[in-house]
Amino acid sequence: MVVVKAYTGHIVLNERYTFKSLQEVYPDIHRKVIEAGAPTATQEDPAVGELILDENIRAIKADKKPSGINRYDLGGVRLIFPIREDGQVEFYVSKHARCPEVVGLTESISSMLKKAGLKHSTAYDRSPMLNSRSAFQSPVPPTP
């Protein structure tokens with residue numbers, strides 16, 4: 001059995017969709033990410049996740065880019081909405097280490113989008129930050 005691991009799991013909606021297209025499915029996606037990342041953090045302070053959800057829903061209803069979940073204190077799982085030059089809607093889940101949870105969470109979100117009728121594509125480890133991260137893993141010693 002092959003265990004697939006990734007730092008990031010990217011989802012890109014087809015060109016015809018805007019942020020507002022996520023209005024119906026986003027609360028489920030948000031809660032899934034919160035639950036996957038920090039079951040203990042949400043038990044201690046459930047209002048934090050709901051506050052962030054409310055902020056993101058207001059942005060989506062206005063057809064603007066939501067802030068996502070960019071807090072490592074919520075279990076190390078982040079939900080990022082990058083700004084794309086081509087205007088397509090993209091978001092990705094990430095963790096600080098390569099792990100199978102990122103792949104499972106991405107596939108779960110993909111299933112939610114399929115049920116909602118939103119066509120999209122998925123990819124793994126496409127973040128530009130990964131290139132800089134890997135560059136720091138094996139630094140080149142300075143030449144004298």
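Preceding block: the structure.
Anyway, here's the lowdown on the structure attached to this text. (Residues numbered from 1 in each chain as written. Predicted model: local features only at pLDDT ≥ 70, side-chain atom pairs only at ≥ 80, totals over all residues. Heavy atoms only, no water.)

1. Some details on the packing of aromatic side chains
Summed over the entire model, instances satisfying the criterion amount to three aromatic pairs. In textbook terms, an aromatic cluster arises when at least three aromatic residues are bridged by ring pairs, as seen for Phe19, Tyr26, Phe81 and Phe91. (Phe/Tyr/Trp six-rings, centres within 6.5 Å; stacked < 30°, edge-to-face > 60°.)

2. Details of the pairing of strand S1 (residues 6-13)
Of all eight residues in S1, eight are buried, a share of seventy percent or more. Across six bridges, the pairing between S1 and strand S3 (residues 90-99) is antiparallel. Looking across to S3, one finds that Thr8 is bridged to Ser94. Two strands pair when backbone bridges link them, and S1 and strand S4 (residues 120-124) are joined in this way by five bridges, in the antiparallel orientation. Paired with Gly9 across the bridge in S4 is Tyr124. (Buried < 20%, exposed > 50% of the residue type's maximum accessible area, 1.4 Å probe, protein only. Helix = DSSP H or I, 4+ residues; strand = E, 2+ residues; numbered from the N terminus. Pairing = 2+ DSSP bridges.)

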